[in-house]
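# Working through the structure, step by step
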Amino acid sequence: MKRRLSTLSVGERGRIVAVTNRGPIHRRLMDIGFTEGTRVECMGRSPLGDPTAYAVKGTVIALRREDAAGIYVETGGRIEWV
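My aim in this report is to walk through the structure given alongside it, one point at a time. (Residues numbered from 1 in each chain as written. Predicted model: local features only at pLDDT ≥ 70, side-chain atom pairs only at ≥ 80, totals over all residues. Heavy atoms only, no water.)

## Description of the packing of aromatic side chains
Put simply, the rule reads: Centre distance within 6.5 Å is the pairing criterion for rings of Phe, Tyr and Trp, where only the six-membered ring of Trp is used; planes under 30 degrees apart are then read as stacked, over 60 as edge-to-face, and the remainder as tilted. For a Lys NZ or an Arg CZ to count as sitting over a ring, it must be within 6 Å of the ring centre and within 35 degrees of the ring normal.
Applying the stated criterion across every chain, the model contains 0 aromatic pairs. The ring of Y72 has K2 lying over it, and the distance from NZ or CZ to the ring centre is 5.1 Å.

Right under this line is the structure:
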């Protein structure tokens, strides 16, 4: 199932299928590892719910909800972790 990264619950995993953000944030997301085919896991939310921490390519990155909403992930099925 394809959904926005911002909708993942803590502990949920997915594989990035599209990054639709525009402007400088698009390049920044690509630079820090949010690229198509990359596995990502929601690690936790701040007490007020924004930002959210995501594990990607061996590191944890915090993203604002509006930035995470432009990233689409495939969930369900078998997401293998190496």
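Read on, since the account is not over.
## Comments concerning the pairing of strand β2 (residues 13-19)
In summary, the side chains of a regular strand alternate between the two faces of the sheet. Going by this rule: We treat two strands as partners when DSSP finds at least two bridges between them. Here a strand is any run of E in DSSP of at least two residues, a helix any run of H or I of at least four, and the numbering for each starts at the N terminus.
In this structure, β2 lies alongside strand β3 (residues 39-45), joined through 3 bridges in antiparallel fashion. Within β3, the residue paired with G14 across the bridge is V40. Here 4 bridges tie β2 to strand β6 (residues 71-74), and the two strands are oriented antiparallel to one another. Bridging across to β6, V19 finds its partner in I71.

## So, the environment of A18
Cut-off, in case you're wondering: Only protein chains enter the calculation, and the probe is 1.4 Å; a residue is then buried if its accessible area is under 20% of its type maximum, exposed if over 50%, and partly exposed in between. Here, residues are in contact when the closest pair of their heavy atoms is within 4.5 Å.
With respect to the element layout, A18 can be found in strand β2. Judged by relative accessible area, which is 16%, A18 ranks as buried. When sequence neighbours within four positions are dropped, the list of residues in contact with A18 reads E36, G70, I71 and Y72.

## Observations concerning the side chain of R3
To keep things clear, this is the line we draw: In the analysis that follows, any N or O atom pair within 3.5 Å is treated as a polar contact, provided that within protein one partner can donate a hydrogen and the other can accept it, and provided that, for residues neighboring in sequence, both atoms belong to side chains.
The residue R3 is located in strand β1 (residues 2-4) in this model. A polar contact of 2.9 Å, which involves the side chain of R3, links it to the backbone oxygen of T7.

## Describing the pairing of strand β5 (residues 59-63)
Where strand β4 (residues 52-56) meets β5, 5 bridges bridge the pair, whose relative direction is antiparallel. Counterpart to V56 in the pairing with β5 is T59. Where β4 folds back onto β5 in an antiparallel hairpin, the turn is made up of 2 residues, including K57, whose phi is positive at roughly 50°.

## Comments concerning the pattern of salt bridges
Short version of the rule: Note on definitions: salt bridges are taken to be side-chain nitrogens of Lys or Arg within 4 Å of carboxyl oxygens of Asp or Glu.
This structure, assessed with the given rule, holds 4 salt bridges. Between R13 and E41 there is a salt bridge; the shortest N-O distance is 3.4 Å. One end of the pair, R13, is in strand β2; the other, E41, is in strand β3, with 28 residues separating them in the sequence. Taking relative accessible area as the criterion, R13 reaches 38% and is therefore assigned partly exposed. Linking D67 and R64 is a salt bridge whose minimum nitrogen-to-oxygen distance equals 3.0 Å.

## Examining the sheet that holds β1
Let me state the cut-off plainly: In this analysis, axes come from line fits to C-alpha atoms, helices being fitted only over the stretch in contact, and the angle between any two N-to-C directions falls in the range 0 to 180 degrees.
Strand order across the open sheet formed by 6 strands is β1-β6-β2-β3-β4-β5, with antiparallel pairing between neighbours. Looking along the sheet, the strands with just one partner apiece sit at the ends: β1 and β5. Adjacent strand axes in the sheet meet at a mean angle of 45°, parallel and antiparallel pairs treated alike.

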